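Here's the letter readout for the chains.
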Amino acid sequence: MIFIRVYSGVIRSGSTVYNSTNGEKLRIGKLVRMNADKPQEIDYLSTGEIGVLTGSSIGENITTGDTLVSHAAKKDGLKYLKSKKELSLQIDPIIIPPPVFSVVVEPQTLGNKSHIDDCLKRLITEDPSLQLSKDNETGQTILSGMGELHLEIASDKLINEMGAKIHLGKISVSYKESLEAPTSWEMNSNDIESNGYHFNIRVEPLNQNDSYKDKQNQKDKNLIIPLRNENNYIILENNKDFDPNSSDWKPVLPFESIVNAITSSSLVELQRGGKISNLPLFGCAVRVKGDWKIPLDEDKPTEVLNIIRTLVQNALKKTPKESFKMLEPIMDLNITVNASDMGKVSQDLTSARNANILSIEDSSNTSEAIKDMIEFSNYADNMHLPK
C-alpha cells in the first residue's frame with residue numbers, strides 16, 4: 001500500500017498519473033480510504049484527503065516523497081496537460097538529516113541473499129531516511145538510520161513482515177599495513193640490451209615524498225599515477241629515451257599499455273599485503289626508475305606485467321618484517337558536555353577509548369555547539385595512523 005495526500009484538485013481511481021520526480025507514467029488501480037484497519041473503496045480523493053493507491057506497478061515506480069500529477073476530470077487526460085508547466089510541478093522534497101547509527105545486515109545463508117536484497121530495496125523505497133551502503137573492503141552491507149530505535153523497527157519489519165532471514169551485526173574495522181622505510185631496488189636483469197627488457201623498481205612509503213599527492217611532478221617530470229582508493233601510487237620516472245610526448249615514439253607498444261601493465265601488476269602485489277598480518281598495503285608508492293626499456297618490436301604488454309609483478313613481489317619479500325607497520329582507522333569527534341561531566345568524560349576518552357584530546361574549549365555559542373555535536377565526522381577513508 002502507498003499512502004498519498006492530495007494537495008490540489010482531484011485524483012480518480014483508474015487514472016493515469018505522471019510521477020514528476022522520476023518521469024514515469026503509470027496507471028493506478030482502485031483508490032482506498034483506510035478506516036483504522038478496514039479499507040473502504042472510493043471513486044476519488046479531493047484536496048486535503050489522504051488515501052491509498054493500489055495497482056500492479058505502483059510499488060516499483062513510486063517512492064516516499066514523490067509528486068504525482070493527473071488530470072482532474074479525465075482518467076487518461078495527461079495528453080491534455082501542458083508538458084512544460086503542469087507535468088513539471090513538484091512539491092518540495094522531504095529534507096532528511098544524515099544518519100547517525102549503522103548496523104551490518106548479513107544473510108543467515110547464502111541462499112537468502114537475493115531475497116534479502118529485494119527486501120532491503122523495498123525498505124529503502126518506503127523509508128528514505130534509511131540508507132544502504134556496501135563496504136568495498138570488508139564486503140559488508142551496512143544499513144544506516146536516525147537512531148538505534150529506528151534501526152530496531154526497520155529490522156523488525158524486515159524479519160517479521162517481509163520474511164527476510166537476516167542477522168544484524170557490528171561494522172568491521174578495516175586494518176591495513178604500510179612501510180616504515182623504502183625497500184631495496186630490484187632489477188630484472190643486470191645486462192642492459194638496447195632491444196631487451198629492463199626495469200628497476202622499489203616500493204617506498206608515501207611520506208617520503210610530498211609530491212605524491214600531485215598527479216604530475218613538475219620539477220622532475222615524473223608521472224604520478226594513483227591506485228584506486230588505497231592511497232597508493234605509481235611513480236614512473238622521466239625516461240628521455242621513451243618520452244610519450246615526443247613525436248618520435250619508437251616502440252610498437254603504446255605508452256598507455258605500458259602504464260596500464262605497470263599499474264595492474266603493482267596493484268595486485270600491494271593488495272597481497274605486508275608481513276605482519278598479510279593486510280593490504282596502504283600509503284605506498286612503486287617507483288620505476290627512469291632507465292626502463294622494452295623491445296621496440298614488442299606489441300603485447302604481457303611480459304611487462306610479469307616482470308613488474310615479480311619485481312614488486314621480490315622487493316616486498318626481501319624487506320624485513322620490522323620495516324612494516326600496522327595501521328588502523330581513526331576519526332575526529334567534537335564532543336559537547338556539561339562542565340560537571342568534563343572530568344568523567346575526559347577520563348573515559350583517554351583511558352577506555354584510547355583517544356587523544358586535541359583541545360578543550362568553552363563553547364559560548366550554544367547553536368554552534370549543537371551543530372558540532374550533530375555533524376560529527378565519518379571514518380576518514382584515507383587517514384590511517386600507526387597503532
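Residues numbered from 1 in each chain as written. Predicted model: local features only at pLDDT ≥ 70, side-chain atom pairs only at ≥ 80, totals over all residues. Heavy atoms only, no water.

### A closer look at the overall build of the chain
Step number 1: Of the regular secondary structure elements, the chain holds seven helices and 22 strands.
Step number 2: Burial status across the chain gives 34% buried among its 387 residues.
Step number 3: For the chain, the computed accessible surface area is about 24100 Å², with 48% contributed by carbon and sulfur atoms. (Helix = DSSP H or I, 4+ residues; strand = E, 2+ residues; numbered from the N terminus. Buried < 20%, exposed > 50% of the residue type's maximum accessible area, 1.4 Å probe, protein only. Areas by Shrake-Rupley, 256 points an atom, 1.4 Å probe, with all protein chains shown as cover.)

### Side note on the sheet that holds strand β1 (residues 2–5)
Step number 1: Taking strand neighbours across the sheet as the criterion, the four strands line up as β1-β8-β5-β6 in an open arrangement whose pairing is antiparallel. Looking along the sheet, the strands with just one partner apiece sit at the ends: β1 and β6 (38–42). Adjacent strand axes in the sheet meet at a mean angle of 45 degrees when their direction is disregarded.
Step number 2: Of the pairings in the sheet, the one linking β1 to strand β8 (residues 50–53) comprises four bridges and is antiparallel in character. (Pairing = 2+ DSSP bridges. Axes fitted to C-alpha atoms, helices over the stretch in contact; angles between N-to-C directions.)

### Focus on unusual backbone geometry
Step number 1: For Ala-36, which is not glycine, the phi torsion reads 60 degrees and is therefore positive.
Step number 2: Summarising the element assignment, Ala-36 is placed in the loop between β5 (31–35) and β6.
Step number 3: Overall, the relative accessible area of 73% leaves Ala-36 in the exposed class.
Step number 4: The phi torsion at Asn-278 lies on the positive side, around 60 degrees, for a residue other than glycine.
Step number 5: With respect to the element layout, Asn-278 can be found in the loop between α4 (255–271) and β20 (284–288).

### As for the sheet that holds strand β4 (residues 24–27)
Step number 1: Spatially, the three strands line up as an open sheet ordered β4-β3-β9, and their pairing is antiparallel. Looking along the sheet, the strands with just one partner apiece sit at the ends: β4 and β9 (68–69).
Step number 2: Note: strand β3 (residues 16–19) against β9, two bridges, orientation antiparallel. Bridging across to β9, Asn-19 finds its partner in Leu-68.

### Thoughts on the pairing of strand β14 (residues 176–179)
Step number 1: On β14, burial covers both faces: Lys-176 and Ser-178 on one face and Glu-177 and Leu-179 on the other are all buried.
Step number 2: Bridge count for β14 against strand β21 (residues 324–329) is four bridges, and the pairing is antiparallel. For Glu-177, the partnering residue across the bridge sits in β21 and is Met-326.

### What to know about the packing of α4 against helix α5 (residues 302–318)
Step number 1: Put simply, α4 and α5 touch, their axes get as near as 8 Å, and they point 35 degrees apart. You can see that α4 and α5 cross each other, and the crossing is right-handed. Of α5, the residues touching α4 (which contributes Ile-258, Ala-261, Ile-262, Ser-264, Ser-265, Ser-266 and Glu-269) are Val-304, Leu-305, Ile-308, Arg-309, Val-312, Gln-313 and Leu-316.
Step number 2: Classifying every residue of the contact of α4 with α5 gives eight nonpolar, four polar and two charged. (Left-handed = near helix turned anticlockwise from the far one by under 90°. Contact = heavy atoms within 4.5 Å. Nonpolar A, V, L, I, M, F, W, Y, C, P; charged D, E, K, R; others polar.)

### Section: the nonpolar core
Step number 1: Residues Phe-199, Val-203, Ile-262, Trp-292, Ile-294 and Val-304 are the most contacted members of the largest nonpolar core, which totals 32 residues.
Step number 2: If you list the elements that add at least two residues to this core, you get β16 (200–205), β18 (222–227), β19 (232–236), α4, β20 and α5.
Step number 3: Apart from the residues lying within four places of it in its own chain, the contact partners of Phe-199 are Glu-186, Met-187, Asn-188, Ile-262, Val-288, Trp-292, Lys-293, Ile-294, Val-304, Ile-307, Ile-308 and Leu-311. (Core = buried A, V, L, I, M, F, W, Y, C linked by side-chain atoms within 4.5 Å.)

### Observations regarding the environment of His-167
Step number 1: Inspection of the secondary structure assignment puts His-167 in strand β13 (residues 166–169).
Step number 2: Judged by its relative accessible area of 44%, His-167 falls in the partly exposed class.
Step number 3: Sequence separation of His-167 and Gln-108 is 59 residues, and the distance between their C-alpha atoms is 6.1 Å.

### Looking at the side chain of Glu-204
Step number 1: Tracing the sequence through the fold places Glu-204 in strand β16.
Step number 2: Engagement of the side chain of Glu-204 in a polar contact is seen with the side chain of Arg-287, the distance being 3.3 Å. (Polar contact = N/O pair within 3.5 Å; in protein donor to acceptor, adjacent residues only side chain to side chain.)

### A few points about a nonpolar patch on the surface
Step number 1: A cluster of nonpolar side chains, namely Met-1, Phe-3 and Ile-50, defines an oily patch on the protein surface of about 390 Å² accessible area.
Step number 2: Inspection of the secondary structure puts Phe-3 in strand β1. (Patch = residues over 30% accessible without salt bridge, like charges linked within 9 Å, V, L, I, M, F, W, Y side chains within 5 Å. Salt bridge = Lys/Arg side-chain N within 4 Å of Asp/Glu carboxyl O.)

### Here's the deal with the confidence of the model for the chain
Step number 1: Residue-level pLDDT values for the chain average 81, and 87% of them are 70 or greater.
Step number 2: Residue range residues 372–387 is modelled with pLDDT below 50. Its contacts to residues more than four positions away, or to other chains, number 33 contacts. (pLDDT = per-residue confidence, 0-100.)

### Re the pattern of salt bridges
Step number 1: Tallying each qualifying case throughout the model produces ten salt bridges.
Step number 2: Across the salt bridge formed by Arg-122 and Glu-126, the nearest N and O atoms sit 3.3 Å from each other. Placement of both Arg-122 and Glu-126 in helix α2 (residues 113–126) is noted, with a separation of four residues, approximately one turn of the helix.
Step number 3: The class for Arg-122 is partly exposed, based on a relative accessible area of 47%.
Step number 4: Looking at Glu-126, the relative accessible area reads 33%, which means it is partly exposed.
Step number 5: A salt bridge links Lys-157 to Glu-126; the shortest N-O distance between them is 2.5 Å. Of this pair, Lys-157 sits in helix α3 (residues 148–161) while Glu-126 sits in helix α2, placing them 31 residues apart in sequence.
Step number 6: Here the salt bridges do not stand alone but share partners, grouping Arg-202, Glu-204, Glu-237 and Arg-287 into one network.

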